[in-house]
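Here's the letter readout for the chains.
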Amino acid sequence: MIRVKTPKEIDLMRAAGEITAAARSLAGKMVSPGVTTLEIDKAVHDYIVSRGAYPTFLGYGGYPASVCISINDVVIHGIPDSRVIQEGDIVSIDVGATKDGYVGDCAATFAAGKISQEAERLIRVTEESFWEGMKYARAGYRVSDIGHAVQQYVEANGFSVVRDYVGHGVGSKMHEDPEVPNFGRPGHGPRLVKGMTIAVEPMVCAGDWAIKVLSDGWTVKTVDGSLAAHYENSIVITDSEPVILTRTGG
Ligand code: MF3
Ligand code: CO
């Protein structure tokens, strides 16, 4: 069941979203050669708590950390550890914060030092594909119109979109209805209505989209070892442009 939010709930989600976006940006600034992923996790955890919020991922389904940090061929759900970030790595940061009962969820991929042109293009196309999807994220369109636009853009640029994981409704829980795939035919799925809050999150592979989950039960990698990037914001549907909830500075 899709739960449409009241204006008061959307205010609370904007507050949670702002903390989440600030945490993403703090983590992104820390991404550089020589830093461990655990150091980033700790900084983000402390920041979120200092804002009077809770790191949503911590303990979610048994997840052991506050942030997902996914390097190079890791697509999503990389668990922070003693791994040292290297020059040329691409590092996806996915973070959630719960404040006053509402969740913000967002992600982005950052470069460690100088990265290859192909990696740079992958990061750029992934973020741009989110904004392509946003052209259809308004009342009157259907959920699959978003994913269709994302997929078209990604594939036109020679990359592929992950099929096994999708975006989702977001609200008082991190995962609510509906599912928001980053692929598919247009004109399917629930109709978008004003006040719906969803997390749109293209996961893009430089090569094939086949993925595998490692034995830790979390880490998702590309099968072919190709690089992957991720970009996500929580948004609210309106009658015109969508409002990005996970943004800094209000
Ligand atoms: N952004 C991810 C999602 O939408 C984060 C979930 S990771 C978990 O599902 F650790 F919290 F499960
Ligand atoms: Co999400």
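The notes below deal with the structure included here.

Procedures and definitions
- Residues numbered from 1 in each chain as written.
- Chains lettered and ligands numbered in written order.
- Predicted model: local features only at pLDDT ≥ 70, side-chain atom pairs only at ≥ 80, totals over all residues.
- Heavy atoms only, no water.
- Salt bridge = Lys/Arg side-chain N within 4 Å of Asp/Glu carboxyl O.
- Helix = DSSP H or I, 4+ residues; strand = E, 2+ residues; numbered from the N terminus.
- Buried < 20%, exposed > 50% of the residue type's maximum accessible area, 1.4 Å probe, protein only.
- Donors = N, O, S within 2.8 Å, 3.2 Å for Na, K, Ca; no water.
- Pairing = 2+ DSSP bridges.
- Axes fitted to C-alpha atoms, helices over the stretch in contact; angles between N-to-C directions.
- Near = heavy atom within 4 Å.
- Polar contact = N/O pair within 3.5 Å; in protein donor to acceptor, adjacent residues only side chain to side chain.
- Areas by Shrake-Rupley, 256 points an atom, 1.4 Å probe, with all protein chains shown as cover.
- Nonpolar A, V, L, I, M, F, W, Y, C, P; charged D, E, K, R; others polar.
- Core = buried A, V, L, I, M, F, W, Y, C linked by side-chain atoms within 4.5 Å.
- Contact = heavy atoms within 4.5 Å.

1. What to know about the pattern of salt bridges
Step number 1: For the structure on display, the rule yields ten salt bridges.
Step number 2: Two residues, K5 and E176, come together in a salt bridge whose shortest N-O distance is 2.7 Å. Remark: E176 occurs in strand β8 (residues 176-180) and K5 occurs in the segment before α1 (7-30); sequence separation between them is 171 residues.
Step number 3: Its relative accessible area of 6% is what places K5 among the buried residues.
Step number 4: The closest approach of N and O atoms between E241 and R138, which form a salt bridge, is 3.5 Å. Of the two residues, E241 sits in the loop between β14 (233-236) and β15 (243-244) while R138 sits in the loop between α3 (117-134) and α4 (143-156), which places them 103 residues apart along the sequence.

2. As for the coordination of the cobalt ion (ligand 2)
Step number 1: Donor atoms from the polypeptide that bind the cobalt ion (ligand 2) are D105 (OD), H168 (NE2), E201 (OE) and E232 (OE), placed at 2.1 to 2.3 Å.
Step number 2: If you list the donors of the cobalt ion (ligand 2) from N- to C-terminus, the spacing comes out as D-x62-H-x32-E-x30-E. With H168 in strand β7 (residues 167-169) and E201 in the loop between β9 (197-200) and β10 (203-205), this pair connects stretches of sequence that are 33 residues apart.
Step number 3: H168 sits in the buried class, given a relative accessible area of 5%.
Step number 4: On the basis of relative accessible area, E201 is assigned to the buried category, the value being 7%.

3. A short note on the sheet that holds strand β12 (residues 220-222)
Step number 1: Here we have three strands laid out as an open sheet, ordered β3-β12-β11, and antiparallel in their pairing. In the strand order of this sheet, the two ends are held by β3 (74-76) and β11 (211-213), each with one partner. Taken over all neighbouring pairs, the strand axes of this sheet differ in orientation by 40° on average, direction set aside.

4. Things to note about the site of ligand 1
Step number 1: Around ligand 1, the structure places 13 residues, and the nearest of them are D94, D105, H168, H175 and E201.
Step number 2: At 2.7 Å, a side-chain N or O of D94 approaches a nitrogen atom of ligand 1.
Step number 3: At a separation of 2.9 Å, an oxygen atom of ligand 1 approaches a polar side-chain atom of E201.
Step number 4: For ligand 1, whose accessible area on its own is 330 Å², the fraction buried by protein is 94%.
Step number 5: Its residues placed into classes, the shell around ligand 1 shows six nonpolar, three polar and four charged.

5. A closer look at the nonpolar core
Step number 1: Counting 19 residues, the largest nonpolar core has I40, V44, I48, V91, I93 and V95 as its most contacted members.
Step number 2: For this core, the elements supplying multiple residues, two or more each, are α1, α2 (37-50), β2 (67-71) and β4 (90-99).
Step number 3: It is β4 that provides the largest number of residues to this core, a total of four residues.
Step number 4: Leaving out residues up to four positions away in the same chain, I48 has contacts with A23, A53, Y54, P55, V95, G96 and A97.
Step number 5: Counting residues in each nonpolar core, the second largest holds 15 residues, with V143, I146, M196 and I235 among its members.

Purely geometric numbers; function is a separate question.
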